[in-house]
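Topology and contacts: notes
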Amino acid sequence: MRRSLVALAAVAVLGAALVAANATWSDRAENICAEQAPRGAAFSMSWEWKEAAYVCTYRNVEAKPRRVGVIEALHGDRGPQHTGR
């Protein structure tokens, strides 16, 4: 019984961490889409499994869809920053 409770608690903590990471990724992807939007263009954002990323589609302009992956969303445009240690 005690092991079951510990396992359940671990799954709950993991689930909460995944939900928080996804919310951060989604919010950051929306900000990147808005910042990179062509002047005056509206956009829509959707999750695409085949891309494993949020994809921004710009309306009323001829612009390619923008893919925002987890690295860019959580580390910015420069990619992950390492201290070199």
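The structure displayed is predicted, hence computed values, not measured ones. Along each chain, residue indices are assigned from 1 in the same order as the chain's sequence is written. For a predicted model such as this one, the threshold for reporting local features is a pLDDT of at least 70, and the threshold for listing and counting side-chain atom pairs is 80 or more; totals across whole chains, interfaces and linings nevertheless cover every residue. Note that the side-chain values use all heavy atoms of the structure and ignore hydrogens as well as water.

Type-normalised accessible area, obtained with a 1.4 Å probe on protein chains alone, sets the label of each residue: buried when under 20%, exposed when over 50%, and partly exposed for intermediate values. In this description a helix means any DSSP run of H or I spanning at least four residues, a strand means any run of E spanning at least two, and both kinds are numbered starting from the N terminus. Buried residues dominate strand S2 (residues 53-59), accounting for 5 of its 7 residues. Whether two strands pair comes down to DSSP finding at least two bridges between them. Sheet topology places S2 next to strand S3 (residues 66-68); 3 bridges connect them, and they run antiparallel. Note on S3: the bridge partner recorded for Tyr-54 is Val-68. The turn linking S2 back onto S3 is made up of 6 residues, and Asn-60 within it adopts a positive phi angle of 70°.

Further remarks concern the sheet that holds S2. The strand order across the open sheet built from 3 strands is S1-S2-S3, with neighbouring strands paired in antiparallel fashion. Unpaired on one side and paired on the other, strand S1 (42-48) and S3 mark the two borders of the sheet. Each strand of the sheet is rotated relative to its neighbour by a mean of 25°, with strand direction disregarded. It only takes one pair of heavy atoms within 4.5 Å for two residues to be counted as in contact. Orientation is described by lines fitted to C-alpha atoms, with helices fitted over the stretch in contact, and by angles between N-to-C directions that extend from 0 to 180 degrees. Relative to S2, helix H1 (residues 2-36) is tilted by about 30°, and along the sheet it contacts S1, S2 and S3.

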